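# Residue-level structural notes
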Amino acid sequence: MNTEIWSAIWLTTRLATVTTVILLIVATPLAWWLARSRSVASRVAGAVVTLPLILPPTVLGFYLLVLMGANGPVGALTQAMGLGLLPFTFTGLVIASVIYSLPFAVQPLQQAFAAIDARHFEAAASLRATPFDTFRHVALPLARPGFITALVMSFAHTVGEFGVVLMMGGNIPRETRVVSVLLYDHVEALEYAQAHWLAGALLLFCFAVLLTLQLWRGRQP
Amino acid sequence: MTTMGITADFRLTRPGFTLDAAFTLPGSGISALFGPSGSGKTTLLRCLAGLECSDGSLTVNGARWQGGDAFVPTHQRGVGLVFQEASLFPHLSVRGNLEFGWVRAARQADWDRVIAALDLSPLLERRAPQLSGGERQRVAIARALLAAPKLLLLDEPLSALDAARKAEILPYLAALPRTFELPVVLVTHTIDEVVRLADHLVLLDAGRVLASGPLSATLSRFDLPAVFDDALCVVLDTVVGAIAADGLAELGAGALKLWAPLAAGTIGEARRIRIAARDVSIALSDAADSSILNRLPARVLRLVPATRPAHVLAELDCHGHHLVARLTQRSALQLGLAPGLTVWAQIKSVALA
């Protein structure tokens, strides 16, 4: 395989790793809030977080492009901060991926938190644990299966994204040209041999991830 | 200057339920919150724990936990909590569960003493799912005690256990206030548990306190509404005087002697018994041909209409102890019962607490 492919694989892995780390940090408090709060605000937030599940990735990519572009409010802000414009950069891609894969991190965590018997939290409070202490030492360990699902799904879903990348990241080698985009390029150029390698590799990767998750779930009590 | 005792006044509105309860409890011993399901016992307990945001006030042995704008959150109260089904942390061993509150309470509690009091040393390295229901409750009680609580709250701690497990836990519960010198509030819907464990009783119905007072005096009140009619009883602290070959034991409270079956017991042992008003009937002569063993001469003190239709309550004096009999108005008329009359009290059953 040529360096073009290895560079795309390396970029995809880097993007998925950075995205997953950020997602777990962002999604954990968000999922905790969504699981525990009954306020209207949390219901609205829940719907917004779920949007990327059903929204065409191009719609999401388009709005992100407009927001972060030279005339968008986020674009104006990043320029004022001296960061330049984010579209067609790795950073822009990370932001788009985080938003796009958010439901894949939030939902398993939210379900895991919601499944914990509230009496455990009340017992912890009666045992003099502050709310944060309870979160750290009762909620997090009891939600462990949710974390593993969230981690695997966030990573795999970021590897598999295409539409958002194309809209936000374009097709810049070593910067935004991930495996799925490279595959698209090869097909466009009628280079089916290379396309087969990439498509096959992605298919195998996604199947292996899901199979591992299923096998692991089967072992849970 | 601290005042001993628990003074509470809670008001809380939920769809279809209003809690409006003001009461005081002694600062030591076991107080029972007793009432039918839906009466607000558990809600009241949760208010004491600070798990419900109610209006009102709460002072526990001099410490103000709620009142005015102040509301001490649960984790700062020092309030032990034991649920109906033990909610041990499933990700921790028994030792991990016990250490959770112990460490956070700066290891004030005497670890060895609590472990010994609840016989937990063989269980320490096990995980919660490997324990029996009774063992889980013992661990839950110890876990609460090790967090050095100022008040221990027990929410139906026995109701998920079978009779044998209940009998296993009861002695531990009964010994708690004396061993660890802290007030205990017990929620239960079982009168036997109330009589066995409690020193003080709060009767609740539909979110209101109907009566609050020392156990025996409260249970023998004649003005209790119909929901507590079957709970109406006399509680006597007796001593086992003799155990007959047929398994019956003679229980004495002064000159009053009663025979009752005693599963296990030794002479000289103290046993609390309960004689329900519905189990006491009255005859004008000693019916020696009756199957009822406990027939005692008594004097009628007063007759009061019962809250149950067509019934009266008769308060009797029997060897200096009060008994209460519930009988129909017709029976009372036919016998010509009146204060001062000497009768025979027939006690159909004696419940050992």
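Everything numeric in this text was worked out from a predicted model, so none of it was measured.

## Some points on the overall build of chain A
Broken down by element type, chain A carries eleven helices and zero strands. Starting at the N terminus and ending at the C terminus, chain A contains elements arranged as α-α-α-α-α-α-α-α-α-α-α. For chain A, the spread of C-alpha atoms along the three principal axes comes to 65 × 45 × 25 Å. In chain A, buried positions account for 45% of the 221 residues. Taking the contacts inside chain A whose residues are at least 6 apart along the sequence as the reference set, 70% of them involve residues at least 24 apart. Per element, the accessible surface of chain A, about 11400 Å² overall, is 70% carbon and sulfur. One way to put it: in chain A the 12 positive side-chain charges average out to a point 16 Å from where the 9 negative ones average out.

## Let's talk about the interface of chain B and chain A
Facing 24 residues of chain B, the contacting portion of chain A comprises 17 residues. Of the roughly 1900 Å² buried between chain B and chain A on both sides combined, carbon and sulfur atoms contribute 64%. One can count eight residue pairs in polar contact (both at pLDDT 80 or more) joining chain B with chain A. Breaking the side of chain B that touches chain A down by element, the ones donating at least two residues are helix 2 (74-77), strand 7 (79-82), helix 3 (94-104) and helix 5 (133-146) of chain B. Here the element with the most residues in the side of chain B that touches chain A is helix 3 of chain B; it accounts for three residues. Its residues assigned to classes, the side of chain B that touches chain A comprises 13 nonpolar, six polar and five charged.

## Observations concerning a nonpolar patch on the surface
A cluster of nonpolar residues, A:Val18, A:Val21, A:Ile22, A:Ile25 and A:Val26, forms a patch on the protein surface that exposes about 380 Å² of accessible area. With respect to the helices and strands, the residue A:Val21 is situated in helix 1 (residues 3-36).

## Let's talk about helix 6 (residues 163-180) of chain B
Residues and elements named next belong to chain B. For helix 6, spanning 18 residues, the distance from its first C-alpha to its last is 26 Å, which sits close to the expected 26 Å at 1.5 Å a residue. Along helix 6, the sharpest change in direction is near 30° and occurs at isoleucine 169; proline proline 171 comes one to four residues later. Of all the residues in helix 6, the buried ones are Ile169, Leu170, Tyr172, Leu173, Leu176, Pro177 and Phe180. Looking one or two places after helix 6, you find glutamate 181, whose phi comes out positive at around 45°.

## Some words on the nonpolar core
All names here are of chain B. Leu219 and Leu316 are the most contacted members of the largest nonpolar core, which totals 54 residues. Inspection of this core shows a minimum of three residues originating in each of domain 1 (6-219) and domain 2 (233-352). Core analysis: the second largest hydrophobic core is formed by 40 residues, Ile30, Ala128, Leu131 and Leu154 among them.

## Quick word on the side chain of B:Arg138
Residues and elements named next belong to chain B. Within the secondary structure, arginine 138 is located in helix 5. Residue classification places arginine 138 among the buried residues on the basis of a relative accessible area of 10%. Beyond its immediate chain neighbours, meaning those up to four positions away, arginine 138 contacts Leu118, Asp119, Leu120, Leu123, Glu168, Ile169 and Tyr172.

## Quick notes on the domain arrangement of chain B
Residue and element names in this part refer to chain B. One can read the domain layout of chain B as domain 1 (6-219) and domain 2 (233-352). One C-alpha centre belongs to domain 1, the other to domain 2, and the line joining them spans 34 Å. When the two sides are added together, the surface that domain 1 and domain 2 hide from each other amounts to roughly 600 Å², 49% of it contributed by carbon and sulfur. On the domain 1 side of the interface with domain 2, the three residues burying the most area are Val195, Ser216 and Leu219, jointly 60% of the side's total. Those elements that place two or more of their residues in the side of domain 1 that touches domain 2 are helix 7 (191-197) and helix 8 (215-219). Sorting elements by how many residues they give to the side of domain 1 that touches domain 2 places helix 7 first, with five residues. Its residues placed into classes, the side of domain 1 that touches domain 2 shows six nonpolar, one polar and three charged.

## Concerning helix 7 (residues 131-142) of chain A
Here helix 7 of chain A contains twelve residues, and its C-alpha end-to-end distance of 15 Å stays within 8% of the 16 Å for a straight helix at 1.5 Å per residue. Among all positions in helix 7 of chain A, only A:Asp133, A:Thr134, A:Phe135, A:Val138 and A:Ala139 are buried. At its buried positions, helix 7 of chain A is contacted by helix 1, helix 5 (90-114) and helix 6 (118-126) of chain A together with helix 3 of chain B.

## What to know about the pattern of salt bridges
When the charged atoms of two side chains with opposite charge come close together, those side chains can pair. Residues and elements named next belong to chain B. On inspection of all chains with the given rule, the structure shows 24 salt bridges over all chains. Between aspartate 223 and arginine 221 there is a salt bridge; the shortest N-O distance is 3.1 Å. The partner of aspartate 229 in a salt bridge is arginine 326, with the nearest N and O atoms 2.5 Å apart. A residue pair is termed long-range when its members are at least 10 positions apart, and aspartate 229 in the loop between helix 8 and strand 12 (233-243) and arginine 326 in strand 19 (residues 321-328) qualify at 97 residues. Counted as one network, the salt bridges with shared partners bring together Asp229, Asp230, Arg278, Arg308 and Arg326.

## Side note on the confidence of the model for chain B
If pLDDT is low for a region, its predicted coordinates should not be looked at in detail. Here chain B averages 91 in pLDDT, while 99% of its residues score no lower than 70. Scored as a whole, the predicted complex attains pTM 0.84, and scored at its interfaces, ipTM 0.84.

## Thoughts on the confidence of the model for chain A
For chain A, the average pLDDT comes to 92, and 99% of its residues sit at 70 or higher. Within chain A, helix 9 (residues 163-169) of chain A has the poorest average pLDDT of any element, 87, and helix 7 of chain A the best, 96.

## Examining the packing of helix 3 of chain B against helix 5 of chain B
Residues and elements named next belong to chain B. At their nearest, the axes of helix 3 and helix 5 sit 7 Å apart, and the two run at 25° to each other. When the interaxial angle is binned, helix 3 and helix 5 end up roughly parallel. Crossing of helix 3 against helix 5: the hand is right-handed. Residue-level contacts link Val94, Asn97, Leu98, Gly101 and Trp102 of helix 3 to Val139, Ala142, Arg143 and Leu146 of helix 5. Taken together, the residues that form the contact of helix 3 with helix 5 break down as six nonpolar, two polar and one charged.

Rules used in this analysis
Residues numbered from 1 in each chain as written. Chains lettered and ligands numbered in written order. Predicted model: local features only at pLDDT ≥ 70, side-chain atom pairs only at ≥ 80, totals over all residues. Heavy atoms only, no water. Helix = DSSP H or I, 4+ residues; strand = E, 2+ residues; numbered from the N terminus. Buried < 20%, exposed > 50% of the residue type's maximum accessible area, 1.4 Å probe, protein only. Contact = heavy atoms within 4.5 Å. Areas by Shrake-Rupley, 256 points an atom, 1.4 Å probe, with all protein chains shown as cover. Lys, Arg positive; Asp, Glu negative; His and termini not counted. Charge placed at Lys NZ, Arg CZ, Asp CG, Glu CD. Buried area = accessible area lost by both parts, 1.4 Å probe. Polar contact = N/O pair within 3.5 Å; in protein donor to acceptor, adjacent residues only side chain to side chain. Nonpolar A, V, L, I, M, F, W, Y, C, P; charged D, E, K, R; others polar. Patch = residues over 30% accessible without salt bridge, like charges linked within 9 Å, V, L, I, M, F, W, Y side chains within 5 Å. Salt bridge = Lys/Arg side-chain N within 4 Å of Asp/Glu carboxyl O. Expected span 1.5 Å × (residues − 1). Bend = angle between axes of the 7 residues up to and from the residue. Core = buried A, V, L, I, M, F, W, Y, C linked by side-chain atoms within 4.5 Å. Domains from an automatic or database assignment. pLDDT = per-residue confidence, 0-100. Axes fitted to C-alpha atoms, helices over the stretch in contact; angles between N-to-C directions. Parallel < 35°, antiparallel > 145°, perpendicular 65-115°, else oblique. Left-handed = near helix turned anticlockwise from the far one by under 90°.

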